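Understanding the architecture of this molecule
Each chain, written out:
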Amino acid sequence: MYARLDLLQIKVIFLYKKIYFFVYQAMNKLLKTIFPEKIRCIAVTAPAGLPDHLRLDRAIEELSEVLTVKNYTAQPTANTPPYLAADSSERLKCFNAAVNDPDVELILAVRGGFGSVHILPGIDYDTLRRRNLPVMGYSDITAVHCAMLAKNAGVPISGCNLLQLNEAAEDDLSIASHRLALQQNANQSTLPTPVLQAVNTQAIATQRVAYPAYAANLTVLASLCGTGFMPDFSNRILIIEDVNEPLYKIDRMLEQLRLSGVLKNIPALVFGKFTDPENSAEALDKLFERFAATLGSPCYKNFAFGHQFPMCAVNSSHTLHIANDQKPFFTP
């Protein structure tokens with residue numbers, strides 16, 4: 001009986017390993033489709049929240065099958081708050097080490113969370129500017145991106161973090177948009193994303209809008225009001241998203257941006273995904289319409305960017321073209 005049970009266990013383990021091997025190989029093929037050939041070396045860093053280190057190690061192992069990966073994540077100490085990846089000085093040191101590594105062609109954030117704001121004053125913006133280095137991530141990484149835009153240093157790319165790469169490799173829009181965003185000299189591309197819907201009369205009257213775009217997390221963006229790290233959006237389409245925020249907080253943060261002048265002269269405001277089971281689509285639409293009526297700029301909704309996939313990655317150096325009744329597209 002025990003011999004038969006052991007044999008059965010062996011067969012189950014063998015089958016599990018075989019399935020894992022094929023899934024692993026398939027995922028590696030999908031990961032290869034995200035990164036263009038010119039990107040061969042990536043630095044992973046955690047400027048914000050504490051990652052699950054088992055997931056981190058596994059993600060680095062998987063990505064290392066496709067590219068050269070350099071791990072620039074710091075370790076927490078006994079005094080590090082539990083929501084941070086490490087002390088701010090260590091997170092800053094690791095981030096700047098990645099910036100100054102001559103082999104690195106892309107910096108990829110491990111995750112969001114909170115804490116990016118701590119390192120903003122000490123980032124090596126001069127080297128970022130000289131190397132024009134892309135930094136990809138979203139959520140709390142909005143703080144790093146906004147500082148980069150404000151300092152005209154590097155290329156912020158609003159896209160998935162390291163721990164979500166597998167999810168980004170599971171649908172056509174995420175794959176195509178991330179690959180496009182990671183190409184500096186890409187051709188015009190219409191992505192498999194829904195047509196944007198006009199939210200106010202200015203958007204209805206405007207036939208076409210074409211400006212560089214950036215996709216930001218609303219909470220993090222609003223927290224930068226009054227600092228030297230808020231960019232000038234007067235020549236940039238701003239896409240905003242958020243997760244697990246009630247309507248009144250979304251309303252409050254939108255008003256904070258408007259009253260602080262961040263949205264003054266903005267060429268267009270685009271609402272991405274606002275994910276919260278407590279907020280109905282109807283209630284969100286009413287809020288967006290009411291707020292958009294207070295702006296003099298075109299406002300649109302239904303852009304596929306947020307804390308859910310599919311995710312349409314956005315390279316801040318690419319121009320987003322929006323036209324009524326047409327799918328949006330990017331050009332370098």
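Below is a summary of the structure that appears in this document. All values derive from a computational prediction rather than experimental measurement.

Here is what the cut-offs are and how they apply
- Residues numbered from 1 in each chain as written.
- Predicted model: local features only at pLDDT ≥ 70, side-chain atom pairs only at ≥ 80, totals over all residues.
- Heavy atoms only, no water.
- Helix = DSSP H or I, 4+ residues; strand = E, 2+ residues; numbered from the N terminus.
- Contact = heavy atoms within 4.5 Å.
- Areas by Shrake-Rupley, 256 points an atom, 1.4 Å probe, with all protein chains shown as cover.
- Buried < 20%, exposed > 50% of the residue type's maximum accessible area, 1.4 Å probe, protein only.
- Pairing = 2+ DSSP bridges.
- Right-handed = clockwise from strand over helix to strand, strands pointing away.
- Phe/Tyr/Trp six-rings, centres within 6.5 Å; stacked < 30°, edge-to-face > 60°.
- Lys NZ or Arg CZ within 6 Å of the ring centre and 35° of its normal.
- Expected span 1.5 Å × (residues − 1).
- Arc of directions from axis to C-beta.
- Axes fitted to C-alpha atoms, helices over the stretch in contact; angles between N-to-C directions.
- Parallel < 35°, antiparallel > 145°, perpendicular 65-115°, else oblique.
- Left-handed = near helix turned anticlockwise from the far one by under 90°.
- Nonpolar A, V, L, I, M, F, W, Y, C, P; charged D, E, K, R; others polar.
- Salt bridge = Lys/Arg side-chain N within 4 Å of Asp/Glu carboxyl O.
- Polar contact = N/O pair within 3.5 Å; in protein donor to acceptor, adjacent residues only side chain to side chain.
- Disulfide = S-S within 2.5 Å.

The next thing to look at is the overall build of the protein chain. Summing up its helical and strand segments, the protein chain has 11 helices and 14 strands in all. Looking at the protein chain alone, contacts between residues at least 24 apart form 79% of all its contacts between residues at least 6 apart. As displayed, the protein chain has an accessible area near 15200 Å², and 53% of this comes from carbon and sulfur atoms.

Now for the pairing of strand β4 (residues 134-137). Residues Pro134 and Met136 of β4 are buried on one face, and the alternating residues Val135 and Gly137, pointing to the opposite face, are buried as well. Bridging between strand β3 (residues 106-109) and β4 involves two bridges; their strand directions are parallel. Pairing of leucine 108 across the sheet is with methionine 136, part of β4. Following the backbone out of β3, through helix α4 (residues 125-131) and into the adjacent parallel β4, one traces a crossover that is right-handed. Pairing analysis gives four bridges linking β4 to strand β5 (residues 155-158), with the strands arranged parallel.

Next up on the list: the pairing of strand β8 (residues 208-217). Judged from the five bridges that link them, β8 and strand β13 (residues 319-323) form a sheet pairing that is antiparallel. Residue pairing in the sheet places arginine 208 in a bridge with alanine 323 of β13. Pairing of β8 with strand β9 (residues 237-243), which is carried by five bridges, proceeds in the parallel orientation. In the strand pairing of β9, alanine 216 is matched with isoleucine 240.

What follows deals with the packing of aromatic side chains. Applying the stated rule across the entire model yields five aromatic pairs. Ring geometry for phenylalanine 271 versus phenylalanine 288: centroids 3.9 Å apart, planes at 10°, classification stacked. One end of the pair, phenylalanine 271, is in strand β10 (residues 269-275); the other, phenylalanine 288, is in helix α11 (residues 281-292), with 17 residues separating them in the sequence. An aromatic cluster is present here, built from Phe271, Phe274 and Phe288 joined pairwise through their rings. It is lysine 151 that lies over the ring of tyrosine 125; its NZ or CZ is 6.0 Å from the centre.

Turning to the side chain of asparagine 161, a few remarks are in order. The residue asparagine 161 is located in the loop between β5 and α6 (165-168) in this model. Not counting chain neighbours up to four residues away, the residues in contact with asparagine 161 comprise Leu108, Ala109, Val110, Arg111, Gly112, Gly137, Tyr138 and Ile141.

Compared with the 16 Å implied by 1.5 Å per residue over 12 residues, the 16 Å span of α11 between its first and last C-alpha is a close match. Listed in full, the buried residues belonging to α11 are Leu284, Leu287, Phe288, Phe291 and Ala292. Within α11, the buried residues cover an arc of 125° as seen down the axis, which keeps them to one side. Of the exposed residues in α11, those oriented more than 90 degrees away from the buried face are Glu282 and Lys286. Looking at the buried residues of α11, the elements they touch are α10 (247-259), β10 and β11 (299-301).

We now examine the packing of α10 against α11. In the contact formed by α10 and α11, the axes pass within 11 Å of each other and the chain directions differ by 20°. The orientation of α10 with respect to α11, classified from their angle, is roughly parallel. α11 is crossed by α10, and the crossing has right-handed handedness. Within the contact between the two elements, α10 uses Leu247, Ile250, Asp251, Leu254, Glu255 and Arg258 and α11 uses Ala283, Leu284, Leu287, Arg290 and Phe291. Looking at the contact of α10 with α11, its residues break down into seven nonpolar, no polar and four charged.

It is worth spelling out the sheet that holds β5 at this point. Strands sit in the order β2-β1-β3-β4-β5-β12 across an open sheet of six strands; the sheet is mixed. The open sheet has two edge strands with one neighbour each: β2 (68-72) and β12 (314-315). Packed on one face of the sheet, helix α2 (residues 53-64) meets β1 (41-45), β2 and β3 and runs near 155° to β2.

The next point concerns the pattern of salt bridges. Here the structure, examined in full by the defined rule, presents nine salt bridges. With its nearest N and O atoms 3.1 Å apart, the salt bridge here joins glutamate 37 to arginine 179. You can see glutamate 37 sitting in the loop between α1 (2-34) and β1 and its partner arginine 179 sitting in helix α7 (residues 172-181), a full 142 residues away along the chain. On the basis of relative accessible area, glutamate 37 is assigned to the exposed category, the value being 57%. Via salt bridges that share partners, Lys70, Asp101 and Asp103 belong to a single interconnected network.

Along the polypeptide, serine 316 turns up in the loop between β12 and β13. Given a relative accessible area of 4%, serine 316 falls into the buried group. Within polar-contact distance, the side chain of serine 316 engages the backbone oxygen of proline 156 at 2.9 Å.

Now for α7. Counted residue by residue, α7 has seven buried out of 10 residues, so it is predominantly covered. The N-cap of α7, judged by a side-chain oxygen 3.2 Å from the amide nitrogen of leucine 173 a few residues on, is aspartate 171.

Turning next to the state of the cysteines. A full pass over the atoms with the stated rule returns zero disulfides. Its sulfur unpaired, cysteine 225 is 9.8 Å from the next cysteine sulfur, which belongs to cysteine 146. Accessibility expressed as a relative area gives 18% for cysteine 225, which makes it buried.

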